[in-house]
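Observations on the model geometry
Here is what each chain is made of, one letter per residue.
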Amino acid sequence: MDAHSGAGGRGAVPASQIRGWRGTAACRVVGITYRQLDYWARTGLVEPSVRRASGSGSNRLYSFRDIIVLKVIKRLLDAGVSLQNIRMAVEALRCRGVKDLAEITLMSDGSRVYECRSAGEVIELLRGGHGVFGIAVRSTVTEVMGRLAALPGAEAPVRAPEQAQGRLGAGEVPTRR
């Protein structure tokens, strides 16, 4: 699967249609500082999938999926989950597309993160005394879409250059109206 194929190898997205958001827009939507975003990119927690930094002054471009993962990380940090445990959770989320992410509820007891795909799994986890809080990723997707749409024009998505490195599937790039 090349950099422009969709999830599961579906049709390729032409480079001219791939869009990403600059780091400053991602920070505003997620509610983190640029310093945090830079640290997470440099340490490999969440690297921008549309365009990575290529030297001083270059702009990273984050995909819609990247911004969702960033928002999930922010929520886990706010709930007191350690960065080490968040790294493990992100590894499990890394290969999923937006639609797959939207079907997941992440539960945590403050130290471990559990992935639940059904109401039955959530209930079972709660019965076992493990879940303290949950993140319904579907609501995170909706929130991120709304925040991206509300960004000022100067922070609009940017078309990626022909050498884009992203992994965006068809239908995964929200457009501004």
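Below, the structure is looked at part by part. (Residues numbered from 1 in each chain as written. Predicted model: local features only at pLDDT ≥ 70, side-chain atom pairs only at ≥ 80, totals over all residues. Heavy atoms only, no water.)

A look at the packing of helix α1 (residues 23-30) against helix α3 (residues 64-78)
Filter applied, for reference: All axes here are fitted lines through C-alpha atoms, helices being fitted over the stretch that makes contact, and every angle between N-to-C directions spans 0 to 180 degrees. Helix numbers and strand numbers start at the N terminus; a helix is a DSSP run of H or I with at least 4 residues, a strand a run of E with at least 2. By definition in this entry, angles of less than 35 degrees are roughly parallel, angles greater than 145 are roughly antiparallel, angles of 65 to 115 are roughly perpendicular, and the rest are oblique. Handedness of a helix crossing follows the sense of rotation of the near helix relative to the far helix, less than a right angle counterclockwise being left-handed and clockwise being right-handed. Here a residue-residue contact requires only that any non-hydrogen atoms of the pair lie within 4.5 Å. When residue character is reported, Ala, Val, Leu, Ile, Met, Phe, Trp, Tyr, Cys and Pro are called nonpolar, Asp, Glu, Lys and Arg charged, and the others, Gly included, polar.
Orientation of α1 relative to α3, taken along the N-to-C sense of each, is 45°, at an axis distance of 9 Å. It follows that α1 is oblique to α3 by the angle criterion. Handedness of the crossing formed by α1 with α3: right-handed. Residues A26, V29 and V30 of α1 form the contact with α3, whose own contacting residues are I67, L70, K71 and K74. Along the lines of polarity and charge, the residues of the contact of α1 with α3 split into five nonpolar, no polar and two charged.

Regarding the sheet that holds strand β3 (residues 105-108)
Threshold: The pairing criterion for strands is at least two bridges between them, as found by DSSP.
As summarised here, the arrangement of the three strands in space is β4-β3-β5, forming an open sheet in which the pairing is antiparallel. Each edge of the open sheet carries a strand with a single partner, namely β4 (113-116) and β5 (133-136). Strand-to-strand, the axes of this sheet are offset by a mean angle of 25°, without reference to chain direction. Two strands pair when backbone bridges link them, and β3 and β5 are joined in this way by four bridges, in the antiparallel orientation. The partner of M107 across the bridge, within β5, is G134. Together, β3 and β4 form the strand contacts of helix α6 (residues 119-127), whose direction differs from that of β4 by roughly 145°.

Details of the sheet that holds strand β6 (residues 158-159)
Strand order in this open sheet of three strands is β2-β1-β6, and the pairing throughout is antiparallel. Among the strands making up the open sheet, the edge pair consists of β2 (61-62) and β6. As paired strands, strand β1 (residues 19-22) and β2 are joined by two bridges and run antiparallel to one another. Note on β2: the bridge partner recorded for R22 is L61. Strand contacts of α1: β1 and β2, with the helix running at about 75° to β1, the strand carrying the most contacts.

Considerations on the packing of α3 against helix α4 (residues 83-93)
Put simply, α3 and α4 touch, their axes get as near as 10 Å, and they point 150° apart. One way to sum up the angle between α3 and α4 is to call them roughly antiparallel. Considering only the axes of α3 and α4, their crossing is right-handed. For the pair α3 and α4, the contacting residues are R65, V69, V72, I73, L76 and L77 in the first and L83, I86, V90 and L93 in the second. Here the residues of the contact of α3 with α4 are counted per class, giving nine nonpolar, no polar and one charged.

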